[in-house]
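# Structural characterization, general
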There are 2 protein chains.
Amino acid sequence: MVSPTTPTQYAHELAVQARAVASTLATLTTAQKNSWLRRLAADLRAHATQIHAANLLDLQAGQASGLSPALLDRLKLNPERVESLARSVEAVVALPDPVGEVIEGSRRPNGLRVSRVRVPLGVVLFIYESRPNVTIDAATLCLKSGNPVILRGGSESLQTNLVLSDLLARSLTAEGLPEHALQVVRSTDRAIVGDLLSMGKLIDVTIPRGGRALIERVTREATMPVIKHFDGICHVYLDQSADEQMAVDIVINSKCQRPGVCNAAETLLLHREAAQRFWPALADTLLKRGVQLRCCPESLVGLPGAVPATDQDFHTEHLDLILNVRIVDSLDQALSHIRTYGSGHTDAIVTSCLQAATRFEAEVDSSAVVINASTRFNDGGELGLGAEIGISTDRFHARGPCGLREMTSYKFVIRGDGQIRG
Amino acid sequence: MVSPTTPTQYAHELAVQARAVASTLATLTTAQKNSWLRRLAADLRAHATQIHAANLLDLQAGQASGLSPALLDRLKLNPERVESLARSVEAVVALPDPVGEVIEGSRRPNGLRVSRVRVPLGVVLFIYESRPNVTIDAATLCLKSGNPVILRGGSESLQTNLVLSDLLARSLTAEGLPEHALQVVRSTDRAIVGDLLSMGKLIDVTIPRGGRALIERVTREATMPVIKHFDGICHVYLDQSADEQMAVDIVINSKCQRPGVCNAAETLLLHREAAQRFWPALADTLLKRGVQLRCCPESLVGLPGAVPATDQDFHTEHLDLILNVRIVDSLDQALSHIRTYGSGHTDAIVTSCLQAATRFEAEVDSSAVVINASTRFNDGGELGLGAEIGISTDRFHARGPCGLREMTSYKFVIRGDGQIRG
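Analysis parameters
- Residues numbered from 1 in each chain as written.
- Chains lettered and ligands numbered in written order.
- Predicted model: local features only at pLDDT ≥ 70, side-chain atom pairs only at ≥ 80, totals over all residues.
- Helix = DSSP H or I, 4+ residues; strand = E, 2+ residues; numbered from the N terminus.
- Buried ≥ 20, exposed ≤ 12 C-beta atoms within 10 Å, placed from the backbone.
- Contact = placed C-beta atoms within 7 Å.
- Least-squares fit on C-alpha atoms with pLDDT ≥ 70 in both.
- Pairing = 2+ DSSP bridges.
- Axes fitted to C-alpha atoms, helices over the stretch in contact; angles between N-to-C directions.
- Expected span 1.5 Å × (residues − 1).
- Bend = angle between axes of the 7 residues up to and from the residue.
- Nonpolar A, V, L, I, M, F, W, Y, C, P; charged D, E, K, R; others polar.
- Parallel < 35°, antiparallel > 145°, perpendicular 65-115°, else oblique.
- Core = buried A, V, L, I, M, F, W, Y, C linked by C-beta atoms within 7 Å.
- Left-handed = near helix turned anticlockwise from the far one by under 90°.
- Right-handed = clockwise from strand over helix to strand, strands pointing away.
- pLDDT = per-residue confidence, 0-100.

### Quick look at the overall build of chain A
Looking only at helices and strands, one finds 16 helices and 16 strands in chain A. Projected onto its principal axes, the C-alpha coordinates of chain A cover approximately 70 × 70 × 35 Å. Buried residues in chain A amount to 52% of all 422 residues. Contacts in chain A between residues at least 24 apart in sequence constitute 72% of all its contacts with a sequence separation of at least 6.

Spelled out as structure tokens, the structure:
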């Protein structure tokens, strides 16, 4: 590696190098990309010990600096996890190559054949925290979609990322692909991030994955489009006609299966009639599962284990075993609550009434509207997009889970026989 | 109209009012939207005299302030043009409603039915210059795609726009639609634009249409996504195998049919063998059509009517009867020229060689790649998108012509029978 003198020079070099290989990456065949994926999986397995050794250095430093056990666990990349990472790389082989897909086409009255063809989005800047396996996930998804990527991981995982960086470079070279297709930022200097974010002329899109502070910084400083991932304040509404067992299953799954993720439920809305039928039993089940209930005055009655909800609670993504509860008079009141407090991420209804399902589907404006299923299904893998590179809370370009296709743009191809415009 | 005290208050009022009707607009039926379009067309015809009278005031003011004849012509809205405007409104009735379109859908292994359904993009801020018919075009396209819009026209057309604003409000009310769906900014205070651009929390997208200064200001100040429309530095490349007559027709059409628009050609690249065959004849035809030729040393030889091209010429969107000319050795050199000097808008090849066509299509990264046809076909109407609200030079969200579909986002609808995640 060249050792540049300043962070700005280093950032500029990374961006220029990525830009320089963009057109080569855009025209790689699927076979070339898949061959590289298979080699990378093999290389990961062959270097599992070396990766683990580097990871232990990160873990020791993390322990010394007082990282929480949860963060240390996220940071861990032992041989078993390397094996599962290698398998996830191999899974990308099976995903359809989005580049070159003909989205639609037609023959115009004058005989022109027009088609809209997917092309890569361009140079990607990926900024993420903690988990070093994201380095490999993002690298494989960007390469499969033909986009050069600059990968900037958290400082906690630098030693692991340096080893992964070498592996990536070696595997690219071995396959005759440009080494600058996948560049790991080999420094934790935060100034480099600011410099990269200023390079809107060289970098086409930035994807931040991490906490709110990271995303807000990126949104503020970026001079290129950003695929943002903000709050998931997700609701489950139990309609008056909801089946009790289905309601219980969906509420428990939406809240408890993995409370720390964005598509977990934060608020339970119950139609008064549903509440009368089974709120005491459901509340009991939730409390037994260790869920703290923050309740409206009506749902609080007779629940010694629950606490009153504040207005702020209904605006909060708890990301924990905490559930806001509110009893409503009608579907309209539920819709109005979701409009006021929701974040447009994922909202579910449990109902047996076709009209209620139809209205909920039409009137809830969220990236995923779920009828009689868990909110946890708003996920690229579950929705059939294959692996996801992020989840967008924006309405522009891509909304909800972003898979390989969402990492593309398109161009119009116009084929004629000499047509001119009259 | 309420008369607000400050530009900031007025801008805020416009944005809040637009936001407040967004969910109503998103759920209008196609029949309701089409009924309004028909009424608007009728109202335009019924008020043609009144529109013309207001337009005469704008024209007088424009003359007094020294607007060029071309600009005055763009500003003009006489009864014949009102009739053609009414017809363009009626044409939008026939365009498919993009809202509710199921983009794709599948059944997942666990029985979940997943579909991706188009929804409106949200509140639109449309900023444009001069032509008052854009007020009606943008209003109809935004309403048909379910998006509330704030329309900010040029100060030159204020009187005309005030009359059109009243017509829009009256027709909406008469159809029982929210009057704030389509709001014309009834002031030419430029501070209002700055205030609106700062309201990224209320406005979802800004579309500027006008000169470079406008677009640069909007890009700089906007706190929401922008659909940009920058330079069209479009090329026609005549391959060694190009048919002479086809080449002449396409070059003349691409350059001369409407030289002031973005999809007109600015640069002609000729393979040396094509140049030897017919450059003198083609040059003669171009000169006779009044085109000024700015030539590389080789193409300049023997052309007394031509001038030498500078490097800057090849970077310039002339928007006039001026054509840069360069002779190249190979397709590779042509591709390299386009990569260096092009703006990624529209580039055409004239060739009889399948391999050259295939490489050009794959390797030119422009919003439209054209094979054996005029560059002028990169247009929403010509490509089958129906009317267009703008042409995007970005890669993000929409690229090239933006029709009704490009004014939408989507949501995932997930229908189950009680599925939970394992």
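After that view, the rundown keeps rolling.
### Things to note about the relation of the copies chain A and chain B
Overlaying chain A on chain B yields an RMSD of 0.0 Å, the required transformation being a rotation through 180° with an accompanying axial translation of 0.0 Å. Both copies of the chain, as the preceding transformation shows, are related through a two-fold rotation axis. Within chain A, H397 of chain A has its C-alpha nearest the rotation axis, a separation of 1.8 Å. Both copies contact each other with a shared surface, as 100% of the interface residues of chain A are interface residues in chain B too.

### Brief notes about the sheet that holds strand β3 (residues 124–128) of chain B
Two strands in a sheet stick together by hydrogen bonds in their backbones, pointing the same way (parallel) or opposite ways (antiparallel). All names here are of chain B. Spatially, β5-β4-β3-β6 is the arrangement adopted by the four strands of the open sheet, whose pairing is parallel. On the outer flanks of this sheet lie β5 (182–184) and β6 (205–209), each paired with one strand and no other. Neighbour to neighbour, the strand axes of the sheet diverge by 15° on average, direction disregarded. Here four bridges tie β3 to strand β4 (residues 149–152), and the two strands are oriented parallel to one another. Note on β4: the bridge partner recorded for L125 is I150. Sheet contacts for helix α6 (residues 133–144): β3, β4, β5 and β6; angle to β4, the most-contacted strand, approximately 170°.

### Looking at helix α11 (residues 272–288) of chain B
Residue and element names in this part refer to chain B. Relative to the 24 Å expected for 17 residues at 1.5 Å per residue, α11 spans 23 Å between its end C-alpha atoms, a close match to the ideal helical length. The largest bend along α11 reaches roughly 65° and is located at F278, with the proline P280 sitting one to four residues downstream. Regarding α11, the residues found buried are A274, A275, W279, L282, A283 and L286. In the core, the buried residues of α11 are packed alongside β7 (234–238), α10 (244–256), β8 (265–271), β9 (292–295), α12 (297–300) and β11 (322–328).

### Observations concerning the interface of chain A and chain B
One frequent convention defines the size of an interface as the accessible area lost when the parts assemble. In this assembly, 54 residues from chain A lie in contact with 54 residues from chain B. Going through the elements one at a time, α1 (7–26), β2 (113–120), α10 (244–256), α15 (354–363), β13 (368–373) and β16 (408–419) of chain A are the ones with two or more residues in the side of chain A that touches chain B. A total of 11 residues in the side of chain A that touches chain B trace back to one element, the largest contributor, which is β16 of chain A. Class assignment for the residues of the side of chain A that touches chain B results in 23 nonpolar, 18 polar and 13 charged. Relative to strand β13 (residues 368–373) of chain B, β16 of chain A is paired through five bridges, and the arrangement is parallel. Looking at the pairing, V413 of chain A lines up with V369 of chain B of β13 of chain B.

### Some words on the packing of helix α5 (residues 79–94) of chain A against helix α6 (residues 133–144) of chain A
A packed helix pair is summarised by two numbers, namely the angle formed by the two axes and the spacing between the axes. Residue and element names in this part refer to chain A. Contact geometry of α5 with α6 gives a least axis separation of 10 Å together with a crossing angle of 10°. As summarised for this structure, α5 and α6 are arranged roughly parallel, according to the angle between their axes. Between α5, through R81, L85, S88, V89 and V92, and α6, the contact on the second element is made entirely by N133, I136, D137, T140, L141 and K144. The class makeup of the residues in the contact of α5 with α6 is five nonpolar, three polar and three charged.

### Focus: the pairing of strand β9 (residues 292–295) of chain A
All names here are of chain A. Here four bridges tie β9 to strand β11 (residues 322–328), and the two strands are oriented parallel to one another. In the strand pairing of β11, L293 is matched with L323. Pairing of β9 with strand β10 (residues 307–308) involves two bridges; the strand directions are parallel. Residue pairing for β10: C295 is matched across the bridge by P308.

### Focus: the sheet that holds strand β8 (residues 265–271) of chain A
If you trace the 10 strands from one edge of the open sheet to the other, you get β10(A)-β9(A)-β11(A)-β8(A)-β7(A)-β12(A)-β13(A)-β16(B)-β2(B)-β1(B), paired in mixed fashion. Whereas interior strands pair on both sides, the edge strands pair on one side only; in this sheet they are β10 of chain A together with β1 (102–107) of chain B. In the sheet, β1 of chain B pairs with strand β2 (residues 113–120) of chain B via five bridges, with the strands oriented antiparallel. Its bridge partner being in β2 of chain B, R107 of chain B is matched across the sheet by R113 of chain B. Each of β7 (234–238), β8, β11 and β12 (346–350) of chain A touches helix α14 (residues 331–341) of chain A; the most contacted strand, β11 of chain A, lies at about 140° to it.

### Regarding the nonpolar core
Ranked by size, the top nonpolar core spans 75 residues in total, and within it A15, F126, I150 and L196 of chain A carry the most contacts. Apart from the residues within four sequence positions on either side, F126 of chain A is in contact with A138, V149, I150, L151, R152 and I207 of chain A. One finds A139, I150, I192 and C402 of chain B within the second-largest nonpolar core, a separate group that totals 71 residues.

### With respect to the packing of helix α2 (residues 30–46) of chain B against helix α7 (residues 158–174) of chain B
All names here are of chain B. The interhelical angle for the contact between α2 and α7, taken along N-to-C directions, is 135°, at an axis separation of 10 Å. With respect to their mutual orientation, α2 and α7 come out oblique. When you trace α2 past α7, the crossing you get is right-handed. Here W36, R39, L40, D43 and L44 of α2 lie close against α7, whose contacting residues are L167, R170, S171, L172 and A174. When the residues that make up the contact of α2 with α7 are grouped by side-chain class, the tally is six nonpolar, one polar and three charged.

### Points about the pairing of β13 of chain B
With six of six residues buried, β13 of chain B lies mostly within the body of the structure. For the segment spanning strand β12 (residues 346–350) of chain B, helix α15 (residues 354–363) of chain B and β13 of chain B, crossover handedness is right-handed.

### With respect to helix α2 (residues 30–46) of chain A
Taking 1.5 Å per residue, 17 residues should reach 24 Å; α2 of chain A reaches 24 Å between its end C-alpha atoms and fits that length. Check the buried side of α2 of chain A and you find it contacts α3 (48–64), α5, α6 and α7 (158–174) of chain A.

### A look at unusual backbone geometry
Leave glycine aside and you will find that most residues have negative phi; peptide bonds, for their part, are mostly trans. Residues and elements named next belong to chain A. Although it is not a glycine, L319 sits at a positive phi angle of roughly 55°. One can find L319 in the loop between α13 (311–314) and β11. Look at L319 and you get partly exposed, because 14 C-beta atoms sit within 10 Å. You will see that N372, though not glycine, has its phi angle at about 55°, which is positive. Tracing the backbone shows N372 in strand β13.

### Considering the confidence of the model for chain A
Taken residue by residue, chain A gives an average pLDDT of 95. The fraction at 70 or more is 99%. Among the prediction metrics, the complex's ipTM stands at 0.93, with pTM recorded as 0.92.

### Regarding the environment of L75 of chain B
All names here are of chain B. Assignment of secondary structure puts L75 in helix α4 (residues 69–75). Linking L75 and G62, residues 13 residues apart in sequence, is a C-alpha distance of 8.7 Å. With residues near it in sequence (within four places) discarded, L75 still touches D58, L59, G62, S130, R131, E156 and S157.

### A look at the environment of A306 of chain A
All names here are of chain A. Within the secondary structure, A306 is located in the loop between α12 (297–300) and β10. A tally of 20 C-beta atoms within 10 Å means that A306 is categorised as buried. Along the sequence, A306 and Q292 sit 14 residues apart, while their C-alpha atoms lie 6.6 Å from each other. In contact with A306, other than residues within four places in its own chain, are L293, C295 and L300.

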